[in-house]
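# Coordinate inspection notes
Okay, here's what each chain looks like letter by letter:
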Protein chains: 2
Amino acid sequence: MDERIAARHETRRRHILNVASRIFAERGYRATSMQALAQESGMGKASLYHYFHSKEEVLAELYEHVIRENIVSARLIASGSLSALEALDRVIVDRVVYTCENRELLNVFFEEEAELPDRLRGRLIVARREYEATLMEAIAAGVASGEISISTSPRVVVNTMLGAANWVYKWYDPKGVLTPAEIGRDVSELLLAGIAGPNWVGGRARRAKAQ
Amino acid sequence: MDERIAARHETRRRHILNVASRIFAERGYRATSMQALAQESGMGKASLYHYFHSKEEVLAELYEHVIRENIVSARLIASGSLSALEALDRVIVDRVVYTCENRELLNVFFEEEAELPDRLRGRLIVARREYEATLMEAIAAGVASGEISISTSPRVVVNTMLGAANWVYKWYDPKGVLTPAEIGRDVSELLLAGIAGPNWVGGRARRAKAQ
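Residues numbered from 1 in each chain as written. Chains lettered and ligands numbered in written order. Predicted model: local features only at pLDDT ≥ 70, side-chain atom pairs only at ≥ 80, totals over all residues. Heavy atoms only, no water.

### Describing the environment of R90(B)
Residue and element names in this part refer to chain B. You can see R90 is positioned in helix 5 (residues 84–101). Given the relative accessible area of 39%, R90 is considered partly exposed. Residues R90 and S188, spaced 98 residues apart in sequence, show a C-alpha to C-alpha distance of 8.4 Å. When residues no more than four places from it in sequence are discounted, the contact partners of R90 are L76 and L82. (Helix = DSSP H or I, 4+ residues; strand = E, 2+ residues; numbered from the N terminus. Buried < 20%, exposed > 50% of the residue type's maximum accessible area, 1.4 Å probe, protein only. Contact = heavy atoms within 4.5 Å.)

Put into C-alpha cells, the structure is as follows:
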C-alpha cells in the first residue's frame, strides 16, 4: 500500500472503532452483529470485513486502545521525573479526562470483559496488574519520603483512586458546567487530600495560580 | 398458600436469584437462557417458570433488591439523626460492605442496565436521582454547619464517593486480608479526609477505640 492508501485505511478503521464503541455501549457487544456495525459505519458488510475479520477483532482492538493508554500513564510515573503526589495527581487527572473523552469506549472496556477471548483477557489482566503495581510503588515511594501518609494498604488506596476516576464514565455529562480537566482536578484534590500531608494543596493551588 | 408453603416459595425464589446473579455476572444476562438458569438452579424449566415468568422478571427483581437497599440508606441520612459527616461515613461503609457481600449482584446491576425494560429503567433512574439528591443535601447541610468544606460541586463529591465505593465490586477479594467492614472504613476515611475539617478523625479514631 502506498502512504495515501494506508492513511485512508487507518482513518476508516478508526471510524469503525468509534462507531463500534458507541453501539457496543448502547446495545451491548453480544447484541451487535457485524451487519449492524457495517450499517452504522455507512458501509457494506463485505467492506467491513476488509478492515476487521471478526467482531472479536473489533473488541480486541478497543481493549488494546485503553491498555496502551494505561501503559503510557504507567511509564510517566515510573520515569521518576515527578514526586509521588505529582505523579498520582497526573494519573488521576489524565485518567478522568481520557474517560470523559472516551466515555463509550470505557463503557465497553469496563462492561464487556466477559466477552474477551481468553488470550486477550490474560493480556488485560497482566497489563492491569502491572499498572496497579506501578501506582502502588509510587505510593510506597511517597510513604518512604514522607510525602504521603496512609493508614490502609497501598492496594486499597490505588483501588479507591482508580474507582473514583473510572466511575466518571457513568456520570460525566458533556453538557455539564465542568470541563473534563476541571472534573479531573477536583476528583484528584478530593482523593489526594486523604493521603497528602498538610503542605500539599493540589488543585486549590493550581486554581489560585490560574486566576 | 399457607405459611410454610409461602416460606418455601420465598426460599426457592431467593435461591434462583442468587444463582441468577452469579451466572448473569459470569456469562452476561443476554447469553444466559432460562434453560441454563433452571439447570444451574437444580430444577426443571417448568418449575423455574413457576417462580419467574421470564428472564426479564428475574433481572427486574435483582435490580429491585439493590434499589431497596439504596432507599434504606437514603432514609437513614434523611432522618437527620446523624451529622453530615457521620451520615456520609455510614453510607460509604454500608455501601462497601453491601457491595463486597453481593459482588455478583452488583456486577449485574452496574453492567446490565442496557438490558432493562423501559419501565424499570425509568424507575431506576428516578431512584438513583433521589438517592444522589439525598447525599448532596447532606453535603450542603454539612457545608452550612461548617462541618464540611468543599471546593467543587456537591455532585462531583457525591460521584467521587459513590464511584470509589461502587468500584469495590471490581476488586474485592474474599480471600484478601481485609474484611468488608475494614475496607469500608479505609475507603471512607480516604474519601472524607478531602472534605472534612481537621477535627474529623473518622476511621482512625474508630480503630483506636476498638483496640
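### Looking at the interface of chain B and chain A
Contacts between the two partners involve 36 residues from chain B, matched on the other side by 36 residues from chain A. Summing both sides of the interface, chain B and chain A together bury roughly 3,100 Å²; the carbon and sulfur share of this comes to 61%. If you sort the residues of chain B by the area they bury against chain A, W167(B), W171(B) and L190(B) come out on top, with a joint share of 23%. Where chain B packs against chain A, one counts zero salt bridges. Seen at the junction of chain B and chain A, the total is eight residue pairs in polar contact (both at pLDDT 80 or more). Where the side of chain B that touches chain A is concerned, the elements lending two or more residues are helix 1 (3–27), helix 6 (103–111), helix 8 (154–166), helix 9 (168–171), helix 10 (180–192) and helix 11 (202–210) of chain B. Examining the composition of the side of chain B that touches chain A, we find that eight residues originate from one element, helix 8 of chain B, more than from any other. A class-by-class count of the residues in the side of chain B that touches chain A yields 15 nonpolar, nine polar and twelve charged. (Buried area = accessible area lost by both parts, 1.4 Å probe. Salt bridge = Lys/Arg side-chain N within 4 Å of Asp/Glu carboxyl O. Polar contact = N/O pair within 3.5 Å; in protein donor to acceptor, adjacent residues only side chain to side chain. Nonpolar A, V, L, I, M, F, W, Y, C, P; charged D, E, K, R; others polar.)

### Concerning the relation of the copies chain B and chain A
Least-squares fitting of chain B to chain A yields an RMSD of 0.0 Å, with the superposition described by an axial translation of 0.0 Å and a rotation of 180 degrees. The relationship between the two copies is best expressed as a two-fold rotation axis. In terms of C-alpha distance to the rotation axis, chain B has A164(B) as its closest residue, with the C-alpha 2.2 Å off the axis. Of the interface residues in chain B, 100% have counterparts in chain A that sit at the interface too, so the contact is made through matching surfaces. (Least-squares fit on C-alpha atoms with pLDDT ≥ 70 in both.)

### Looking at the nonpolar core
One finds F24(A), L37(A), L88(A), I195(A), L37(B), L88(B) and I195(B) to be the most contacted residues of the largest nonpolar core, which totals 132 residues. Leave out the neighbours within four places in its chain, and F24(A) touches Y29(A), T32(A), K55(A), V58(A), L59(A), L62(A), V108(A) and E112(A). (Core = buried A, V, L, I, M, F, W, Y, C linked by side-chain atoms within 4.5 Å.)

### A look at the packing of aromatic side chains
Aromatic ring pairs are reported here in terms of the distance separating the ring centres and the angle at which the planes meet. For the structure on display, the rule yields twelve aromatic pairs over all chains. Ring centres of F110(A) and Y169(A) lie 5.1 Å apart, and the angle between their planes is 40 degrees; this geometry places the pair in the tilted category. Residue F110(A) is located in helix 6 (residues 103–111), and its partner Y169(A) is located in helix 9 (residues 168–171); the two are separated by 59 residues in the primary sequence. Of the two residues, F110(A) and Y169(A), neither departs from the other in class, the shared state being buried. Chaining the aromatic ring pairs together yields one cluster made of Y63(A), F109(A), F110(A), W167(A), Y169(A), Y63(B), F109(B), F110(B), W167(B) and Y169(B). The ring of Y29(A) has K55(A) sitting right over it, with the charged end atom 4.4 Å from the ring centre. (Phe/Tyr/Trp six-rings, centres within 6.5 Å; stacked < 30°, edge-to-face > 60°. Lys NZ or Arg CZ within 6 Å of the ring centre and 35° of its normal.)

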